[in-house]
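One letter stands for each residue in the lines below.
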Number of protein chains: 4
Amino acid sequence: MCGIVGIADAEGVSFPLYYALFALQHRGQESAGISTFDAGKLHNHKAQGLIAEVFNRDILSRLTGSVGIGHVRYPTTGENRPENNQPLNFSFKGHIFSIVHNGNLVNSTRLSSEYEDEGHIFATTTDTEVIAAIIARELTRSESMEEAINLCMQKLKGSYSVIAMLDGTIYAFRDPLGIKPLCIGKTENGYMVASESVAMDALGAQFLRDMKPGELIRIDSEGISCRQITRSNHTGLCIFEYVYFARSDSVIDGVLVYDVRKKIGEMLHQEAPVQAEIISPVPDSGTAFATGYSEASGIPFKEGLIKNRYIGRTFIMPTQKLRENAVRMKLNPVRGHIAGKSVVLVDDSIVRGTTSRRIIDLVREFGAREVHFRVGSPPIIAPCYLGVDLPTRKELIAHNRPPEQVCSRIAADSLHHISLEALIRATGHAPEDLCCGCLTGCYPLEIEGERSNCRSIDFVDGTYQMKLEI
Amino acid sequence: MCGIVGIADAEGVSFPLYYALFALQHRGQESAGISTFDAGKLHNHKAQGLIAEVFNRDILSRLTGSVGIGHVRYPTTGENRPENNQPLNFSFKGHIFSIVHNGNLVNSTRLSSEYEDEGHIFATTTDTEVIAAIIARELTRSESMEEAINLCMQKLKGSYSVIAMLDGTIYAFRDPLGIKPLCIGKTENGYMVASESVAMDALGAQFLRDMKPGELIRIDSEGISCRQITRSNHTGLCIFEYVYFARSDSVIDGVLVYDVRKKIGEMLHQEAPVQAEIISPVPDSGTAFATGYSEASGIPFKEGLIKNRYIGRTFIMPTQKLRENAVRMKLNPVRGHIAGKSVVLVDDSIVRGTTSRRIIDLVREFGAREVHFRVGSPPIIAPCYLGVDLPTRKELIAHNRPPEQVCSRIAADSLHHISLEALIRATGHAPEDLCCGCLTGCYPLEIEGERSNCRSIDFVDGTYQMKLEI
Amino acid sequence: MCGIVGIADAEGVSFPLYYALFALQHRGQESAGISTFDAGKLHNHKAQGLIAEVFNRDILSRLTGSVGIGHVRYPTTGENRPENNQPLNFSFKGHIFSIVHNGNLVNSTRLSSEYEDEGHIFATTTDTEVIAAIIARELTRSESMEEAINLCMQKLKGSYSVIAMLDGTIYAFRDPLGIKPLCIGKTENGYMVASESVAMDALGAQFLRDMKPGELIRIDSEGISCRQITRSNHTGLCIFEYVYFARSDSVIDGVLVYDVRKKIGEMLHQEAPVQAEIISPVPDSGTAFATGYSEASGIPFKEGLIKNRYIGRTFIMPTQKLRENAVRMKLNPVRGHIAGKSVVLVDDSIVRGTTSRRIIDLVREFGAREVHFRVGSPPIIAPCYLGVDLPTRKELIAHNRPPEQVCSRIAADSLHHISLEALIRATGHAPEDLCCGCLTGCYPLEIEGERSNCRSIDFVDGTYQMKLEI
Amino acid sequence: MCGIVGIADAEGVSFPLYYALFALQHRGQESAGISTFDAGKLHNHKAQGLIAEVFNRDILSRLTGSVGIGHVRYPTTGENRPENNQPLNFSFKGHIFSIVHNGNLVNSTRLSSEYEDEGHIFATTTDTEVIAAIIARELTRSESMEEAINLCMQKLKGSYSVIAMLDGTIYAFRDPLGIKPLCIGKTENGYMVASESVAMDALGAQFLRDMKPGELIRIDSEGISCRQITRSNHTGLCIFEYVYFARSDSVIDGVLVYDVRKKIGEMLHQEAPVQAEIISPVPDSGTAFATGYSEASGIPFKEGLIKNRYIGRTFIMPTQKLRENAVRMKLNPVRGHIAGKSVVLVDDSIVRGTTSRRIIDLVREFGAREVHFRVGSPPIIAPCYLGVDLPTRKELIAHNRPPEQVCSRIAADSLHHISLEALIRATGHAPEDLCCGCLTGCYPLEIEGERSNCRSIDFVDGTYQMKLEI
């Protein structure tokens, strides 16, 4: 997962890009970068680290120009090579080309090997360079950048929200299933595209609309123009954007994320009510869920765990004996709220289960009588091939393990995951318009060795399946 | 305001001190330091910056020893001199002496000039060095450190929670009014003292009790011993620890801070109910207040403002036109929650009023129909001489300005501050046991040019007065 | 100008590469990088800055493997893009490919545009990527890497000392004219190639020999093998390596650099003797020249200027009035040596003349009676297209300006440049085996708009010409 | 050893202090600091590190004022505490007082304990704070600062060159023996004092004269005034300033350091001639000696060892096998100059002998036929109590070990130290005016357990003794 942004504004873009990336920092904390275009020259800065570490006033002042793109990258398990930091910048035939990408191609190996057969070499290990290579080649044969992107999109399979800058013009496009978000805004003297609407809010820009799946947008000093490149019967919006990735104050494809999470909280109560004296989120991501659960159940919302805001990447992890207590540095139970109480904890998801176990143990240590765990997503049982860095099936606690066993592993008094039906209902989208691959093992496009486009949702042999009515 | 900690534990103290300071980081982000004592030698490291910036694994490994003290400092308006970073370390007559201090003396100028008359010079501009100088001098005339501290405490006027380390023994003492907090805990192989109980929680140590006002504690490898140095008829606990300074998960003088804030929220509703569709905190400090207000009023608690967690000290403030939008980088209104709605915003306090005004303007810009501001403290009308860095009377928006005028200045539809009576009731302490100086202009000890020990609470000529029934 | 190194040694290479780069740091202070290959994976680190700033023990420990290459880059006037930092790393068809390059191609624009016509895009603005692209493409058609490099070398025009690493095997090759240096050494458990022999000295490795112009070397865990790819009638060794670039303790193409400089000093005396009381180098580069001049003339060698060793890249340049004194921070005249004396100053070269002027003024200010300037190279009158970052013709003080005018501009009492004939004789190489392009305007290979392969050396119309007897 | 500077100049002093400290950086690389005084306020910055690391333009711009003092500190074996960084700053009785010190007191323990008996405590472990405490106390009893310093100097025993700043007036004083250097200069709009004359050169200021031993100088906006506080029959100038500490371009007490070193080189040849083909310095400090030896002997001066300029404090020392080769990273033998040759190496001194041994081994490894070691100082046989951080007697290779044994230990073909008589003659000072304690074990003032004021120079029982004719 990454955050991307592109701005064309006559007043200069480096500072607005910097502020927009701050609003998107939750989508990636590993590296950050900005490329701007000014009078035929590219200006670029990117490095490992948080935005606040990568940029300073001097650097931003050097990044002149009225057009630019930016990127924040999530740490992934792949090779950590400085070359992979985005924006990627290329030159060919007098063109200056920069590109940022959020998503993951499922056919990048096949595509890159086609090019390598003709002698092409790749400077990075990113899908992004594959997309750039295709666009560049098609551009030599096409009459326009729009046509080149069209031809490129025919070849790509997977998730891709892309912002490219060719000689000072911005081109943004979103894959036909719209798996990853991308939206359009109006700045005071221009236009912008960004992963989430909060980037517009941060700039005081006006959110216009989400980009449509399969749509191509062109922004330059003249203004903005749109073109629908491909159309699909259904979309494949990533359901985890609503559950976890996006900021709760973002509106993704017409739906306020916070409200989805609150509704999930309400439905969690309806699906699995519990007699308890306090409902507490696991901070920060559990808050919206917990307010919904509290309202629906009447159980008072109280913070039972307080997060230490100062623990970041440079925190020195304790060694030996202290290590098991690491989670207590980050989350401090409020004894007065939980001692002797039956507590409902709400979290967004369970991946490996180790952190959940530690939190529950800690809450008990501070005197909770009962700990009931409620989870804002169904069990994660399958990998994601479309942009999320999930562990392999084996490491997922819910893989081939029914909820009762998971409950016992994390040592909760009760455990309930929201049902897939309820989750989908909470998003307001039709089931066939969402990608729930990691929850069902069934994906909205063909992936080798996996099932796709299933027609119903069932829990069979420890696996959810989505049955789509197509 | 500062955070202090002292630990004696056979297993080594530098890493525990580091973790304890992380739990106290909210009490001071300007500088951090640790001194340890090992086999007759002092080890010390301190510098400007957050704990995460000041310390690394190498430095902590150098700080050997089973006894040590630590400090985090709040930015104050005084001279910013590196010498002022604490712990302060001294040597005299073969002794090695380190000291940390939270609080503010009101007679430090007089005390220091007494010493200067005898030729003493001061290396820092801190009260802490004055305390150290007195202890050192008394020690030359006394038979014990306990006696020297006793004599020292007779001279000091003001607030002082102090942890000192003399040749590897820890001495902690709290002023007779107990203005600033200090508490005792049991580590696995020793004991600790710290500003707040969350430091114990972070280490998995056991919170034992608050130190009593006027009490002296001695900790060494043998164990812990206590001695009541002075007794007062009443105490003067800082009421703003409950309102704002302390972490909500701390227990201060027997009272869980979170619960005080929640109760204030409930009483705010009772004192000033409002017809509204959403009650939202100003994050982060308003949350506990808002849950109380929501529960008492039945108005749904929803986050109407989302805080950007990544904006810290290195954030580059926008220039010119963008500057007025700085607050929007930190706090993003959730349009879906507030557009067309009547919104109650709850904040802990109003100081100058400028930030409140910007927040209210921003919430209106995102469509709020009405904005009702509720504040968890009475108007701040007077300076603090006892450890809090408040602006001068002139800069305080509530100084000589009745609430209606403040309401109009911050452009709220309605404004209500909690009443002083309700606030005191929420803390569970007797009025005569609290310092409410900044709210009343009347202080629990004599301060030149100010009133002290008043007997009732009244709003007279734009000023609150507390009338104590002693 | 850059410094490059490649090592294959069973004992691990990251620390040896680091030490070798330290020995080559004088060839480039702008950026540094190392790539290693271990068990099918590439490890890479590179960044702006000196080696000491770019690497630390942790980073070097991560760069595992028994094969690796490294690079230090000189600041050039081109775009300063982080992508340009070397080694460049590429992947194609399962291969992992890294490359470093010292030199400059004169046909890179034509070569890159050929590739761009076929849709290739370039991620950097370096010649190095062009070389990589050609090798990769040829490799898809060739039976071996040796053959691919052979085909590549047919296409390249210019100077190129290259070290490439393909899947853990090192390939080093030097252009047919051998313009930039490259030499081979034997480490304890393997082999190495590097720009200069001092890299071998630093590691305690054995210097074996210079690589021949047009030669290709292959190093892997099996050992080393050589192949002569192309042969030329004459070579084009860069004469400025002897005058300025190389460390004086390096042996370049069989000749100790220090001795060349000392001989130049002797000949400077023969060509332009002067009555003087002291001969002093302009430190550091003038020392060897000055010892030669002193020995030949009998005038005592004394340091008349002492260099401040601590002034580096982060030195804050004085503003306004102090600026003209900046040179005095770096070079301090020894009043006792020069006051009232006739002083001979020896420097390696004059480029724009501004620094020379300031030094001479400073020496006079400290009391020198006369200042005679002697220069270890003939006037620089033309640009370098082959790897040296010289200013344009217009900025060169000697362009279209006879020595007498230069003498007056720099305010010396007398000025003498070594003659080209003497300089060439000092190197021990035949005139037709040296590139003296910047001194003659005549280059050893065809460059558009410039003369090449001239047959004599003459000063005609303010321009030196070399007349080669071919 | 440390470097100190004070400037009063109407045009502002922070940048001039910064440049002056750069010129004195060789006197201390561990920490640096500047204090300035402006309109009643002290501005101060100091930290561990080189000047270039400690200061930047922002910091210097904050240090406003037309009076200031600065310090660079040498690493010593004592406790490395940040409090010890100078200038030390104090406040007392409305005064603002800063102080820097180069030297070492021999009675500081007794002095500090006197103060501690009266209850005084010390914030640092430096002699400097003791001096400050005495001045402050005397000032309360005296009518003037001059008188207070006078009284203070009566109490101090040892070496002390001090610059103090009281409320914007600079006071500089030098101990009665003048052990450490201190000199006066004229800036464009004011005056300055500094450890060495090179600080004046760097600023383009005019060197006026050395301060006299026992002299006190006062500088303020009005100008400069002098007063002779004490007079001695003889002085005790540190002979190692001439041999090693001072920059060779400094004039110390009327003598150009470079010339002393050159004369020593000449006398080394007279005392111990050798048949050799090359004379080379051990860089950097051996150069002046070597030029003298070369001139006197006719053996050509050639650099046989080239120093790598880039190896600084952050250089990562090799581990294990490579460690013995560490010296070869710093000093690279020039094979062409030494292979098969008889080489004379000249160094300033031998302390433990380990580095000398490694250098000689290295030179042999590069083919030297014979290595003759010549040393610019007599054997160091005793500790320094007056400001130089020498190892204990036991660690000194020359302690109780005659030169023949040292020669064999360092594996030289011959070894000669300059005789003490010749060394003294080279300085031009009378024997009774120099401190040669580390060379004779006899000191110019009384030190407990050591001899003082001896009357002749003799080598008796492995120890030099100086016999003074007083």
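Given the structure is predicted, the values throughout are model-derived calculations rather than measurements. (Residues numbered from 1 in each chain as written. Chains lettered and ligands numbered in written order. Predicted model: local features only at pLDDT ≥ 70, side-chain atom pairs only at ≥ 80, totals over all residues.)

Residues of chain A with pLDDT of at least 70 account for 94%, and the chain-wide mean is 91. Confidence drops under pLDDT 50 across residues 459-465 of chain A; counting only partners more than four residues distant or on other chains, this segment forms 18 contacts. (pLDDT = per-residue confidence, 0-100. Contact = placed C-beta atoms within 7 Å.)

A word on the interface of chain A and chain B. Taken together, the contact pairs 46 residues of chain A with 46 residues of chain B. Secondary structure elements with two or more residues in the side of chain A that touches chain B: α1 (14-23), α3 (57-62), α7 (198-203), α9 (257-271), α10 (287-297), α12 (326-330) and α13 (335-338) of chain A. When residues of the side of chain A that touches chain B are assigned to their parent elements, the largest contribution, five residues, is made by α1 of chain A. Of the residues contributing to the side of chain A that touches chain B, the split by class is 24 nonpolar, 13 polar and nine charged. (Helix = DSSP H or I, 4+ residues; strand = E, 2+ residues; numbered from the N terminus. Nonpolar A, V, L, I, M, F, W, Y, C, P; charged D, E, K, R; others polar.)

Before going further, it helps to spend a moment on the UniProt feature "binding site: Mg(2+)" (unreviewed entry) in chain A. Residue and element names in this part refer to chain A. Under the UniProt annotation, "binding site: Mg(2+)" (unreviewed entry) lies at Ser285, Asp347 and Asp348. Considering the C-alpha atoms alone, the annotated residues occupy 64 residues of sequence yet fold into one spot, their largest mutual distance being 7.0 Å. Here Ser285 lies in the loop between β17 (278-281) and α10. Residue class for Ser285 comes out partly exposed when judged on the 19 C-beta atoms lying within 10 Å of it. Beyond its immediate chain neighbours, meaning those up to four positions away, Ser285 contacts Tyr244 and Asp348. Relative to the elements of secondary structure, Asp347 occurs in strand β20 (residues 342-347). Residue classification places Asp347 among the buried positions, given that 21 C-beta atoms sit within 10 Å. Setting aside its immediate chain neighbours within four residues, Asp347 contacts Val282, Gly286, Ser356, Val375 and Gly376. (UniProt positions renumbered as here; feature names shortened; annotations may be inferred. Buried ≥ 20, exposed ≤ 12 C-beta atoms within 10 Å, placed from the backbone.)

A separate point is the relation of the copies chain A and chain B. After a rotation of 180° and a shift along the axis of 0.0 Å, chain A superposes on chain B with an RMSD of 0.1 Å. Here the copies are linked by what is in effect a two-fold axis. Measuring from the rotation axis to each C-alpha of chain A, the shortest distance belongs to Arg309 of chain A, at 3.9 Å. When the interface residues of chain A are mapped onto chain B, 100% of them again lie at the interface, so the same face is used by both copies. (Least-squares fit on C-alpha atoms with pLDDT ≥ 70 in both.)

Okay, the interface of chain D and chain C next. Taken together, the contacts link 46 residues of chain D with 46 residues of chain C. Of all the elements in the fold, those that place two or more residues in the side of chain D that touches chain C are α1 (14-23), α3 (57-62), α7 (198-203), α9 (257-271), α10 (287-297), α12 (326-330) and α13 (335-338) of chain D. Here the side of chain D that touches chain C gets five residues from one element, more than from any other, and that element is α1 of chain D. Grouping the constituent residues of the side of chain D that touches chain C by class yields 24 nonpolar, 13 polar and nine charged.

What follows is about the nonpolar core. One broad rule of soluble globular proteins: the nonpolar side chains tend to lie buried together. Val5 and Ala20 of chain A, Val5 and Ala20 of chain B together with Val5 of chain C are the most contacted members of the largest nonpolar core, which has 631 residues in total. Those residues in contact with Ala20 of chain A that sit more than four places away from it in its chain are Val5, Ile7, Gly70, Ala194, Ala199, Ala202 and Leu203 of chain A. (Core = buried A, V, L, I, M, F, W, Y, C linked by C-beta atoms within 7 Å.)

Glancing now at the packing of helix α9 (residues 257-271) of chain C against helix α16 (residues 420-427) of chain C. Helix packing for two helices is described by the angle between their axes and how far apart those axes are. All names here are of chain C. As a packed pair, α9 and α16 sit with axes 9 Å apart at the nearest point and diverge in direction by 145°. Crossing of α9 over α16 shows right-handed handedness. Counted together, Val260, Lys263, Ile264, Met267 and Glu271 of α9 and Ala422, Leu423, Ala426 and Thr427 of α16 form the full contact between these two elements. (Axes fitted to C-alpha atoms, helices over the stretch in contact; angles between N-to-C directions. Left-handed = near helix turned anticlockwise from the far one by under 90°.)

With that settled, consider the pairing of strand β5 (residues 88-92) of chain C. Of all five residues in β5 of chain C, five are buried; the element is thus mostly enclosed. Burial of the side chains of β5 of chain C extends over both faces: Leu88, Phe90 and Phe92 of chain C are buried on one face and Asn89 and Ser91 of chain C on the other.

Turning our attention to the UniProt feature "active site" (unreviewed entry) in chain A. All names here are of chain A. UniProt's entry tags Cys2 with the feature "active site" (unreviewed entry), counted in the numbering of this structure. With respect to the element layout, Cys2 can be found in strand β1 (residues 2-9). Beyond its immediate sequence surroundings of up to four residues, Cys2 is in contact with Arg27, Gly28, His71, Val72, Arg73, Tyr74 and Asn102.

Here we take up the pairing of strand β13 (residues 223-228) of chain C. Residue and element names in this part refer to chain C. The buried fraction of β13 amounts to zero of the six residues, a small share that puts the element mostly on the outside. Where strand β12 (residues 215-220) lies against β13, six bridges are found, and the strand directions are antiparallel. When the sheet's bridge partners are listed, Asp220 is paired in β13 with Gly223. Joining the antiparallel neighbours β12 and β13 is a turn of two residues. (Pairing = 2+ DSSP bridges.)

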